[in-house]
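# Summary of structural features
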Amino acid sequence: MDLPKHYDPKASEEKWQTFWSTKQLFRFDEKSSKPVFSIDTPPPYVSADHLHLGHTLSYSQTEFVARYRRMKGYNVFYPMGFDDNGLPTERFVEKKYKVDKRNTSRKDFVTLCLEETKKGAENYRKLWNRLGLSVDWQETYSTINKRAQIVSQHSFIDLYAKGKLLHHEEPTLWCMKCQTTIAQADLTNIDMSSHFNDIIFKAKEEELVIATTRPELLPACVGLFANPDDERYLHLKGKFATVPLFNYEVPILFDEAVDKETGTGLMMVCTFGDKEDIEKWHKYNLQLRIVFNEDGTLTSTGGAYAGMKIKEARKAIIEDLEKEGLLVAQKQITHAVNVHERCSTEVEFLKKKQWTIDVLSEKEALLAQADKISWYPEFMKTRYNHWVQNLQWNWSISRQRFYGVPFPVWYCTKCSAIKLPDIKDLPIDPREDKPRTPCTCGSSEFVGEEDVMDTWMTSSVSPYINANWLSRKTLVPASLRPQAHDIIRTWAFYTIAKAYLHFNDIPWKDIVISGHGLDAKGRKMSKSLGNSIDPSALMDKYSADALRYFAASQKLGEDQPFQEKEFQNGQKLVTKLWNASKFAIMQLEGYSKEIPKELAIVDRWLFCELDAVIAEATAAFEEHNYSKAKYVCEQFFWGTFCDQYLEIVKERAYNKEKNPEGSLSAQYTLYVATLSIIKLFAPILPHITEEIYQMYFKTFEHDVALAVSSWPECTQANKDAEDLFAFGKELVHIVTAARKFKSEQNLSLREPLTVVSVSASQIELLQEAEQDILGATKAQTLILEKGELAVSLEK
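Residue indices begin from 1 for each chain and proceed along its sequence in written order. Only residues with pLDDT of at least 70 are given local features in this predicted model, and only at 80 or more are side-chain atom pairs given and counted; all residues enter the totals for whole chains, interfaces and linings. Water and hydrogen atoms were dropped before computing side-chain values, which therefore reflect all heavy atoms in the structure.

By definition, two strands form a pair when at least two bridges between them are found by DSSP. What counts as a helix is a DSSP run of H or I of at least four residues, what counts as a strand is a run of E of at least two, and both are numbered from the N terminus. Both strand β7 (residues 187-203) and strand β13 (residues 327-340) contribute to a ladder of 13 bridges, which runs antiparallel. Bridge pairing links Phe-196 to Lys-331 in β13. Inspection of the sheet shows β7 paired to strand β8 (residues 206-212) by 7 bridges, in the antiparallel sense. Bridging across to β8, Ala-203 finds its partner in Glu-206. Counting the residues between successive antiparallel strands, the hairpin from β7 to β8 contains 2 residues, one of them, Lys-204, with a positive phi of roughly 60°.

Quick look at the sheet that holds strand β28 (residues 790-794) now. Overall, mixed pairing links the 3 strands, which are arranged β27-β26-β28 in an open sheet. The sheet terminates laterally at β27 (779-786) and β28, the two strands that pair on one side only. Across the sheet, the mean angle from the axis of one strand to that of its neighbour is 15°, orientation sign disregarded. Two strands pair when backbone bridges link them, and strand β26 (residues 753-760) and β27 are joined in this way by 7 bridges, in the parallel orientation. By the bridge assignment, Val-755 is partnered in β27 with Thr-781. Any two residues whose heavy atoms approach within 4.5 Å at even a single point are treated as in contact. To get an axis, fit a line to the C-alpha atoms, keeping to the stretch in contact for a helix; angles then go from 0 to 180 degrees between the N-to-C directions. Set on the sheet, helix α22 (residues 770-777) makes contact with β26 and β27; between it and β27 the angle comes to about 130°.

Turning to the sheet that holds strand β16 (residues 395-396), a few remarks are in order. One open sheet accounts for 4 strands, arranged β6-β5-β14-β16; its pairing is antiparallel. The two strands at the open ends of the sheet, each matched to only one other strand, are β6 (180-181) and β16. Examined bridge by bridge, strand β14 (residues 347-357) and β16 share 2 bridges and lie antiparallel to one another. The partner of Ile-357 across the bridge, within β16, is Trp-395.

Before going further, it helps to examine the side chain of Asn-531. Residue placement: Asn-531 occurs in the loop between β24 (517-518) and α13 (535-541). Polar contacts here mean pairs of N or O atoms no more than 3.5 Å apart (in protein, one a potential hydrogen donor and the other a potential acceptor; neighbouring residues in sequence count only if both atoms are side-chain atoms). At a separation of 2.8 Å, a polar atom in the side chain of Asn-531 contacts the side chain of Asp-519. At 3.1 Å, the side chain of Asn-531 and the backbone oxygen of Lys-524 are in polar contact. The contact partners of Asn-531, leaving out residues within four places of it in the chain, are Asp-519, Arg-523, Lys-524, Met-525 and Ser-526.

Okay, the packing of aromatic side chains next. Any pair of Phe, Tyr and Trp rings, taking the six-membered ring for Trp, is counted once the centres come within 6.5 Å. Such a pair is stacked with planes under 30 degrees apart, edge-to-face with planes over 60 apart, and tilted for the rest. Here the structure, examined in full by the defined rule, presents 43 aromatic pairs. Summarising the aromatic geometry, the rings of Phe-272 and Trp-281 are spaced 5.0 Å apart at their centres and angled 80° between planes, so their arrangement reads as edge-to-face. Of the two residues examined, Phe-272 and Trp-281, each falls in the buried class. Judged by centre distance (5.0 Å) and plane angle (65°), the rings of Tyr-671 and Phe-697 are edge-to-face. Taken together, the residues span a long stretch of sequence, with Tyr-671 in helix α18 (residues 660-681) and Phe-697 in the loop between α19 (686-695) and α20 (721-744) at a distance of 26 residues. Through a chain of ring-to-ring contacts, the aromatic side chains of Trp-375, Tyr-384, Trp-395, Trp-456, Phe-493 and Tyr-494 assemble into a single cluster. Here's how the labels work: a residue is buried when its accessible area is under 20% of the maximum for its type, exposed when over 50%, partly exposed in between, all with a 1.4 Å probe on protein chains only.

On to the packing of helix α17 (residues 626-654) against α22, then. Viewed as axis vectors pointing N to C, α17 and α22 meet at an angle of 105°, and their least axial separation amounts to 8 Å. Here α17 is positioned roughly perpendicular relative to α22, judged by the angle of their axes. Contacts from Glu-647, Ile-648, Glu-651 and Arg-652 in α17 reach Asp-772, Gly-775 and Ala-776 in α22. Any residue that is not Ala, Val, Leu, Ile, Met, Phe, Trp, Tyr, Cys, Pro, Asp, Glu, Lys or Arg is counted as polar, Gly included; the first ten are nonpolar and the last four charged. Taken together, the residues that form the contact of α17 with α22 break down as 2 nonpolar, 1 polar and 4 charged. Reported orientations rely on four angle classes, namely roughly parallel under 35 degrees, roughly antiparallel over 145, roughly perpendicular from 65 to 115, and oblique for the rest.

What is shown is where atoms sit, not what they do.
See the structure below:
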């Protein structure tokens with residue numbers, strides 16, 4: 001049999017990627033009667049011109065599941081989305097082209113964004129194809145395209161009809177750098193150095209000391225608060241205090257939420273420093289003093305400090321307090337500060353007209369929805385639960401940006417009524433389009449909403465973008481949502497919320513949480529840190545299958561440090577699969593899939609071991625545990641199949657004339673086992689396994705490609721499996737002992753031995769394997785006796 005000598009991964013991988021694409025093997029078939037397995041694929045941000053190794057890990061892991069389910073007989077729906085709207089794209093374009101969106105037209109800026117996201121999507125597609133992702137490229141979407149806009153706007157209109165949308169002017173989180181509102185989920189905490197400043201307020205002649213880290217908020221102060229049980233301040237009830245430097249009076253009030261032990265027990269309430277300020281401003285109907293502009297400078301309310309940036313004003317106010325003798329003490333501290341996760345800028349609160357979704361009233365229901373979903377790993381549900389339990393804000397969905405999905409909203413200029421379009425007219429842009437009918441007041445004059453939707457407003461309906469709302473009913477709830485652990489509080493939470501609010505349903509049955517790719521120092525890979533690794537360079541050096549092997553080494557929910565030795569291990573496995581399969585195939589010359597009347601005992605043992613690994617790998621893949629599946633398959637392949645079985649059986653496989661029945665049994669076993677092995681590895685290592693399948697097995701099997709063949713089934717109903725496992729253990733011990741003996745005696749492995757004496761428990765089964773044992777050990781005589789396992793050898 002003429003077989004290629006070497007395996008060339010670069011030529012082979014491109015060849016099979018083209019083959020799969022040309023044959024359209026991964027198309028979702030709407031008319032198929034097979035059960036559907038639908039994947040709510042994460043749409044990656046396309047605002048990146050540098051893709052790193054971290055991008056490839058979680059997408060490879062999703063791909064393992066898709067390939068496994070396809071081999072299990074499912075009609076797999078595996079789309080690819082691209083998240084190409086929103087703040088990351090805007091900031092990327094501003095930085096790349098050095099443009100300020102405030103100084104350019106909306107139309108020109110959006111054109112730049114669309115051009116860049118098109119380039120980014122193409123970069124991703126090239127990378128995904130080279131990696132061998134079995135995506136159905138007919139099922140793609142972007143979060144800014146027409147279909148996504150229709151579904152996003154449909155979602156808005158449905159939530160409005162259900163009374164779950166709020167439109168009001170409220171204090172909201174604001175990023176001074178990005179100059180837009182943000183949601184609670186867009187925050188992260190970082191530790192910053194600061195000072196507690198003890199500042200003197202005066203109630204007539206009495207000095208009151210307030211401890212604050214935000215002296216720049218003094219001109220926004222609207223009240224002082226103490227606990228009603230704090231006897232130190234009860235005499236101040238109904239009185240007023242003068243704000244230092246700004247010389248206006250604020251009321252002294254009492255509230256049970258004030259902690260007597262924090263600072264001096266007196267709390268300064270400003271508009272607005274934090275959520276407590278907002279709550280007390282509402283509760284006590286306090287005045288509004290806006291001190292910050294949208295760009296982070298102080299307003300005219302800041303008096304002499306107007307126009308200064310926040311930190312500049314803080315420094316100046318502290319200096320002036322010190323000059324006036326109003327700064328009692330200063331203590332350096334390090335504390336956690338809320339920043340915008342996109343730019344690490346400290347957030348502030350500004351009063352803005354906003355659209356928000358009511359999620360606070362649904363917290364218990366949203367916790368209950370999570371219980372209806374299977375979480376992998378299970379402990380990741382705790383992160384979701386903690387997030388929901390600690391929610392403090394409704395979901396703000398308004399963004400003051402150019403690039404995003406428009407709100408389908410007009411406002412009547414005469415009566416201010418809200419006007420929405422019909423669903424059949426979507427998508428619309430209220431800044432360009434006009435309503436088809438007049439307002440109920442009779443006016444036909446409208447102004448369109450200028451804000452755009454938060455990008456999560458679109459990403460949160462990704463299952464319904466794929467399902468065209470609900471017109472493709474077999475796709476929802478989706479079978480699987482794969483995603484990273486850092487966006488449980490955003491993408492997972494928002495999608496669960498939308499599915500519940502729209503349909504009183506769950507968005508998917510299973511959610512699989514992946515970790516991040518880390519550098520060798522344990523830091524998340526990031527272009528900004530300069531620690532990212534180019535996946536294309538690694539595939540040039542090793543192969544796509546080696547990269548996929550590395551991705552399969554990452555356990556569910558765990559971060560994965562970069563270790564190049566894992567790529568080396570992956571490449572060694574690829575080479576070993578090629579060489580072991582070639583060896584097996586060479587023994588199959590002349591074999592025509594004939595089934596022997598009886599299997600040799602060693603072959604029965606291998607089938608017993610093979611059944612066990614198939615069962616274990618299948619169970620692991622059913623729980624999306626690709627790393628465990630890889631591990632058990634590798635252990636079987638390297639240890640049981642290559643190191644033991646092939647060495648034991650090759651003598652019998654060679655001797656077709658002397659022992660035709662034994663040789664046929666060996667050929668049958670080699671055929672089934674080798675085919676099963678490449679199928680077991682196919683989800684993770686699709687290129688090398690496809691090469692082996694097409695090189696030999698395609699001639700005998702009906703499947704056009706291994707990628708669409710059936711998953712291996714357990715081969716034998718071994719009632720005596722326990723005895724066979726025990727037999728195999730003793731068999732391996734005998735052969736290993738012979739190898740060790742020859743090594744210690746500096747003998748060739750082919751050097752014959754006179755006698756192999758064995759004491760063992762499985763005497764009858766070992767007697768059946770006598771010829772295989774003699775062949776493997778090159779011994780002339782085998783002596784067996786009942787007893788504890790022991791081996792004696794003679795030259």
